[in-house]
Structures are given as C-alpha cells and as structure tokens.
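Survey of secondary and tertiary structure
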Amino acid sequence: MTPDSVEEFYRRLAKDNPNPRSELVFKNPYTLLVSVVLSAQATDVSVNKATEPLFKIVDTPQQMVDLGEDRLKDYIRSIGLYNNKAKNIIALSHILVEKYQGQVPADQKALEALPGVGRKTALVVLNVAFNRPTIAVDTHIFRVANRTGLAPGKDVRAVEKALEDVTPEKYRLHAHHWLILFGRYICKARKPECLRCFESDLCAAVKETGIPLQS
DNA sequence: AACTCGGGGCA
DNA sequence: TGCCCAGAGTT
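All of these numbers come straight from a predicted model, not from anything done at the bench.

Considering the UniProt feature "binding site: [4Fe-4S] cluster" (unreviewed entry) in chain A
Annotation from UniProt places "binding site: [4Fe-4S] cluster" (unreviewed entry) at Cys187, Cys194, Cys197 and Cys203. Considering the C-alpha atoms alone, the annotated residues occupy 17 residues of sequence yet fold into one spot, their largest mutual distance being 10.4 Å. You can see Cys194 is positioned in the loop between α11 (169–185) and α12 (204–209). When its relative accessible area of 10% is taken as the criterion, Cys194 is described as buried. As for its placement among the helices and strands, Cys203 is situated in the loop between α11 and α12. Judged by its relative accessible area of 9%, Cys203 falls in the buried class. Aside from chain neighbours lying at most four places away, what touches Cys203 is Arg147 and Thr148.

Structure, rendered in structure tokens:
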C-alpha cells in the first residue's frame, strides 16, 4: 500500500468513527487494566458482561484485595481462563497497593512486570488510560494489517514495526482502537463484510482475488 | 516453538 | 462440532 493509500485508509477509519472510545470499561486506569487482563483470549462482550456488576463493587486495587480471589472468581467465571486471571488480578492488585500507592503506573516496563500483564496489555493500557500513541498488535490487528496490505508481516513484531513506520502521526493515538473495531465488525476473521466495507478498493486481498471476499 | 489455561458465541 | 475470542506464563 502506498503512503497515499495508507493515509486514505486511516482517513476513512477516522470518518467512520470520529470519537473513538474503548469498548472496555474505563472508569479509571485500574478498571481498564483489569478489563484488559480479563480480555486475553476472550470477547470484550463477555468481559463487559462480567465486569459491569464487579466494578459497581470494586474499582480500586485495595477493594479487589479485600474482595479476595474466591469471590472474584464468582464474577469472572463466565469469561474463561478464570483461575489464572483471578490469581493474577489479586496478585497484581497487591503490588499496586504496596509499590504504587494504589495507582496504575504509566510505564510499559512497570506494567509488564505485573502478573498477567504482557506486552499487548501494557500497550493497550498506556494507549487508552494514558493517551500514549501505542499500537498493540493483537489477533484483530494482525489479521487486518496483513489482509489489507496496510502493514504486512510474518510475526507480531514485524507487523508492529510496519505499523509504526506507516501510520501517520495524526492518526497514531487512535490507530489501535480504529483497527481493532474495523477488524471486529468489518474485516472479520470468518466472514469479512467486504460488500459494505469502505476500504475494499484499497484492500490487497480484494485486489488479489478481483472480487470482494464474502459468503 | 509448543503447550496450557477455558467458558461462551457463532455458524 | 469446530473455530475463535482486545494473551500470558511456563517448559
């Protein structure tokens, strides 16, 4: 994709979604962190369903510690992978209370040092909670970048580098959110909605096949 | 690099 | 039924 095509690609994403808001719960940086940890290999819909009642009771690390692992599991069981996630969230909350005065550190290394927080989670928290222009390449963005030709790459790090190189500065802050939603609702894994896609004339996959992907 | 964790949604 | 989901930790 040429630089002009990339610019146009982002221009359309921005037009489609002028005021991007995370679909995960962001009452404060802590609830966002917990939401993103819970989102690993889970759908944001299932996470929101579980965290809506949880965050009415708990929205600080101290309250989470007081809630305890067993009662936390009752809230998040429907999400899946709940044993590891509950243990990590309790442990992570202890660390926030003891080392960070109950605050979420706005630092990638500090975030990645927390149990249950890896590279992607850290980058998403920095982006959404602290307005850093980070792009975390998850399954959606990896697929979108490769399929459309926006930022091809064989592994996550290659796509991440490609996106950093190609994404215009003015779109950097919201790029992650736009690409995620584009992948989730339009450029879907199974049945991409090419017939109503506003990027199909720029898409490498469409160019290759000559016809919009569908079925 | 290859497991393992995991219930829910969807075709 | 089988595949996928805003991945991370361990071996």
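Focus on the domain arrangement of chain A
By the assigned domains, chain A splits into domain 1 (3–20 + 135–209) and domain 2 (29–130). Residue-level contacts link nine residues of domain 1 with seven residues of domain 2. The largest share of the area that domain 1 buries against domain 2 comes from Ala136, His176 and Arg184, three residues that together contribute 47% of it. Taken together, the connections running from domain 1 to domain 2 amount to two salt bridges. At the boundary of domain 1 with domain 2, the tally comes to two residue pairs in polar contact (both at pLDDT 80 or more). At the level of elements, α10 (156–166) and α11 are the ones that each hand at least two residues to the side of domain 1 that touches domain 2. Ranked by the residues each element gives to the side of domain 1 that touches domain 2, the list is headed by α11, at three residues.

Description of the packing of aromatic side chains
Tallying each qualifying case throughout the model produces five aromatic pairs. On the basis of an interplanar angle of 80° and a centroid distance of 5.7 Å, the ring pair of Phe9 and Phe182 is categorised as edge-to-face. On the criterion of sequence distance, the pair formed by Phe9 in helix α1 (residues 3–16) and Phe182 in helix α11 is long-range, its members being 173 residues apart. By the burial criterion, Phe9 is buried, and Phe182 matches it. Taking the centre distance of 5.9 Å and the plane angle of 50° together, the rings of Phe182 and Phe198 count as tilted. Note that Phe182 is positioned in helix α11 and Phe198 in the loop between α11 and α12, a separation of 16 residues in sequence. Residue classification places Phe182 among the buried positions, given a relative accessible area of 4%. Here Phe198 falls in the partly exposed class, since its relative accessible area comes to 24%. Among the aromatic residues, those joined into a ring-pair cluster are Phe9, Tyr10, Tyr171, Trp178, Phe182 and Phe198.

Thoughts on the protein's contact with DNA strand C
What surrounds DNA strand C is a group of 26 residues, the closest being Gly116, Thr121, His140, His176 and Arg190. The contact atoms of DNA strand C, taken as those within 4 Å of the protein, divide so that sugar and phosphate hold 59%. At a separation of 3.0 Å, a base nitrogen of DNA strand C approaches a polar side-chain atom of Ser22. Measuring from a sugar or linking oxygen of DNA strand C, one finds a backbone N or O atom of Ala42 at 3.4 Å.

Description of the protein's contact with DNA strand B
Near DNA strand B you find Gln41, Ala42, Lys49, Arg77, Ser78, Ile79, Gly80, Leu81, Tyr82, Asn83 and Asn84, and these make up its full shell. Among atoms of DNA strand B positioned within 4 Å of the protein, sugar and phosphate together represent 55%. Ranked by the residues each element gives to the surface near DNA strand B, the list is headed by helix α6 (residues 82–99), at three residues. Residues of the surface near DNA strand B, tallied by class, amount to four nonpolar, five polar and two charged.

Criteria and thresholds
Per-chain numbering applies: the sequence of each chain, read as written, is numbered from 1 onward. Chain letters start at A and ligand numbers start at 1, both assigned in the order the entries are written. With the structure being a predicted model, the display of local features is reserved for residues of pLDDT at least 70 and the display and counting of side-chain atom pairs for 80 or more, all residues being used for whole-chain, interface and lining totals. Side-chain descriptors were evaluated using all non-hydrogen atoms of the structure, hydrogens and water having been removed beforehand. UniProt positions are given in the numbering used here, feature names are shortened, and annotations may be inferred rather than shown by experiment. Numbering of helices and strands runs from the N terminus; a helix is a DSSP stretch of H or I covering at least four residues, while a strand is a stretch of E covering at least two. Burial classification: accessible surface area is computed with a 1.4 Å probe over protein chains only, and a residue below 20% of its type maximum counts as buried, one above 50% as exposed, and the rest as partly exposed. Should any heavy atoms of two residues lie within 4.5 Å, those residues are counted as being in contact. Residue ranges assigned to the domains are those given by an automatic or database domain assignment. Values labelled buried area give the accessible surface lost by two parts on being combined, using a 1.4 Å probe and summing over both. What counts as a salt bridge is simple: a side-chain nitrogen of Lys or Arg found within 4 Å of a carboxyl oxygen of Asp or Glu. N or O atoms closer than or at 3.5 Å make up a polar contact, with two conditions inside protein: a donor-capable atom paired with an acceptor-capable one, and, for residues adjacent in sequence, both atoms drawn from side chains. Pairing of aromatic rings covers Phe, Tyr and Trp, the last through its six-membered ring, and needs centres within 6.5 Å; plane angles under 30 degrees mean stacked, over 60 mean edge-to-face, and all others mean tilted. By convention in this text, a residue qualifies as near a molecule or strand provided that one of its non-hydrogen atoms is within 4 Å of it. We call Asp, Glu, Lys and Arg charged. Ala, Val, Leu, Ile, Met, Phe, Trp, Tyr, Cys and Pro are nonpolar, and the rest, Gly among them, are polar.

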